[in-house]
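Structural description and commentary
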Amino acid sequence: MEAKRVDHWLRRAGQLLLAPRCLACGEPGADGLDLCRACTEALPWNRAACPRCALPTPHGDRCGACLQAPTPMTATYAACVYGLPLDRLVPRFKFHQDLACGRLLAELMTRSLATVERPDALIPIPLHASRLRQRGYDQALELARPLGRALDLPLLERVLIRQRETAPQSELDAAARRRNLRGAFAVQARDMLPAHVALVDDVMTTGATLQAAAQVLLRAGVQRVDAWVCARSP
Ligand SMILES: [Zn+2]
Ligand SMILES: [Zn+2]
């Protein structure tokens, strides 16, 4: 092959390798995201939702459950509803080491949460040490790190710890989830806790995990705990 053609081929291959690709469908990315224009426009942003638990509600009203018994979180913000393509991207990030999906999810959170009420610090929901060893990374921390950087919010990494290993929540009903989490979290270095924090996690389903963590923080003297999640499962 003559040199010019090789050069052209190499440049083209470089462009293809480096250009952002849509992680949902493989088309070229747009708007600085690893998502194409069509997939970006179809994103299920969670715009009308209960202010306390982020459950989608018709006009952003408080949901029935929160009217009856408010959650320990003062506010919950979810960037998206847990539907397509989040139900593909989140498991790829969480269980298949696809850290590019994690970066995209963090970027969606940054775009959606940039204008909500700011806490003094972010606290990622921690994994138990044995789960962390197994997986190699902590998905909530991987989301909270770029989010904190982009929004200029401090990250408190080791203040909240998971002291007890728990069964996977996905296989349990709501009551069993709460039981499963009893005593799961603990706070260390209380003196580092500011008055207002936001917990960060990937997906909120029943909210049992976030509630258990919030209760521990409130008991440790935090005045207000919010939750910031990437996707809310209705
Ligand atoms: Zn796409
Ligand atoms: Zn609610």
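Note that the structure is a prediction, hence the values are computed from the model and not measured. (Residues numbered from 1 in each chain as written. Chains lettered and ligands numbered in written order. Predicted model: local features only at pLDDT ≥ 70, side-chain atom pairs only at ≥ 80, totals over all residues. Heavy atoms only, no water.)

Glancing now at the overall build of the protein chain. Tallying secondary structure elements over the protein chain gives 9 helices and 6 strands in all. Its C-alpha atoms give the protein chain a radius of gyration of 20 Å, near enough to 17 Å, the size a compact globule of 234 residues would have. In terms of principal-axis extent, the alpha carbons of the protein chain reach across some 70 × 40 × 35 Å. Of all 234 residues assigned to the protein chain, the portion counted as buried reaches 49%. The long-range fraction of contacts in the protein chain, counting pairs at least 24 apart against all pairs at least 6 apart in sequence, stands at 67%. Entry remark: accessible area of the protein chain is about 12300 Å², with carbon and sulfur atoms responsible for 51%. Taking the average location of the 31 positive side-chain charges in the protein chain and that of its 23 negative ones, the two points are 4 Å from each other. (Helix = DSSP H or I, 4+ residues; strand = E, 2+ residues; numbered from the N terminus. Rg over C-alpha atoms; globule rule 2.2 N^0.38 Å. Buried < 20%, exposed > 50% of the residue type's maximum accessible area, 1.4 Å probe, protein only. Contact = heavy atoms within 4.5 Å. Areas by Shrake-Rupley, 256 points an atom, 1.4 Å probe, with all protein chains shown as cover. Lys, Arg positive; Asp, Glu negative; His and termini not counted. Charge placed at Lys NZ, Arg CZ, Asp CG, Glu CD.)

Next up on the list: the sheet that holds strand S5 (residues 196-204). Spatially, S1-S6-S5-S2 is the arrangement adopted by the 4 strands of the open sheet, whose pairing is parallel. With one partner strand each, in any of the chains shown, strand S1 (76-81) and strand S2 (121-124) form the two edges of the open sheet. For this sheet, the mean angle separating the axes of adjacent strands, direction not counted, is 20 degrees. Sheet topology note: the S1/strand S6 (residues 224-232) ladder contains 5 bridges and is parallel. When the sheet's bridge partners are listed, Tyr 77 is paired in S6 with Trp 228. Across the sheet, helix H4 (residues 86-95) is in contact with S1, S5 and S6; its angle to S5 comes to roughly 105 degrees. Running over the sheet, helix H9 (residues 208-219) touches S2, S5 and S6 and is turned about 165 degrees from S5. (Pairing = 2+ DSSP bridges. Axes fitted to C-alpha atoms, helices over the stretch in contact; angles between N-to-C directions.)

Glancing now at H9. When the terminal C-alpha atoms of H9 are compared, their 16 Å separation across 12 residues agrees well with the 16 Å that a helix rising 1.5 Å per residue should span. With 9 of 12 residues buried, H9 is to be regarded as a mostly interior element. Among all positions in H9, only Ala 208, Thr 209, Leu 210, Gln 211, Ala 212, Ala 213, Ala 214, Val 216 and Leu 217 are buried. Directly after H9, the chain includes Gly 221, whose backbone phi takes a positive value near 110 degrees. (Expected span 1.5 Å × (residues − 1).)

For the zinc ion (ligand 2), the protein coordination sphere consists of Cys 50 (SG), Cys 53 (SG), Cys 63 (SG) and Cys 66 (SG), at 2.3 to 2.4 Å. Coordination at the zinc ion (ligand 2) comes from 4 donor atoms whose angles at the metal span 104 to 118 degrees, giving a geometry best classed as tetrahedral. (Donors = N, O, S within 2.8 Å, 3.2 Å for Na, K, Ca; no water. Tetrahedral: all angles 85-135°; square planar, octahedral: opposite > 155°, others 65-115°.)

In this section: the domain arrangement of the protein chain. Note on interface size: it is often stated as the accessible area lost on association of the parts. Domain boundaries assigned for the protein chain yield domain 1 (1-42) and domain 2 (45-232). Just the C-alpha atoms count here: the centres of domain 1 and domain 2 sit 33 Å apart. Contacts between domain 1 and domain 2 engage 6 residues on the former and 9 residues on the latter. Both faces considered, domain 1 and domain 2 share a buried interface measuring about 710 Å² in area, 65% of it formed by carbon and sulfur atoms. On the domain 1 side of the contact with domain 2, Leu 23, Leu 33 and Leu 35 bury the most area, a combined 64% of that side's loss. Put simply, domain 1 and domain 2 have 1 salt bridge between them. Between Arg 111 and Asp 31 there is a salt bridge, and its shortest N-O distance comes to 3.2 Å. Linking domain 1 with domain 2 are 2 residue pairs in polar contact (both at pLDDT 80 or more), by the criterion used here. Residues belonging to the side of domain 1 that touches domain 2 are distributed by class as follows: 4 nonpolar, no polar and 2 charged. (Domains from an automatic or database assignment. Buried area = accessible area lost by both parts, 1.4 Å probe. Salt bridge = Lys/Arg side-chain N within 4 Å of Asp/Glu carboxyl O. Polar contact = N/O pair within 3.5 Å; in protein donor to acceptor, adjacent residues only side chain to side chain. Nonpolar A, V, L, I, M, F, W, Y, C, P; charged D, E, K, R; others polar.)

Around the zinc ion (ligand 1), the protein contributes the donor atoms Cys 22 (SG), Cys 25 (SG), Cys 36 (SG) and Cys 39 (SG), which lie 2.3 Å from the metal centre. For the zinc ion (ligand 1), the 4 donor atoms in the first shell make angles of 102 to 117 degrees at the metal, so the coordination geometry reads as tetrahedral. For the zinc ion (ligand 1), the single-chain donor residues occur in sequence as C-x2-C-x10-C-x2-C. Taken as a pair, Cys 22 in the loop between helix H1 (3-18) and helix H2 (37-41) and Cys 36 in the loop between H1 and H2 lie far apart in primary sequence, 14 residues in all. Across the pair, Cys 36 and Cys 22 agree in class, each one buried.

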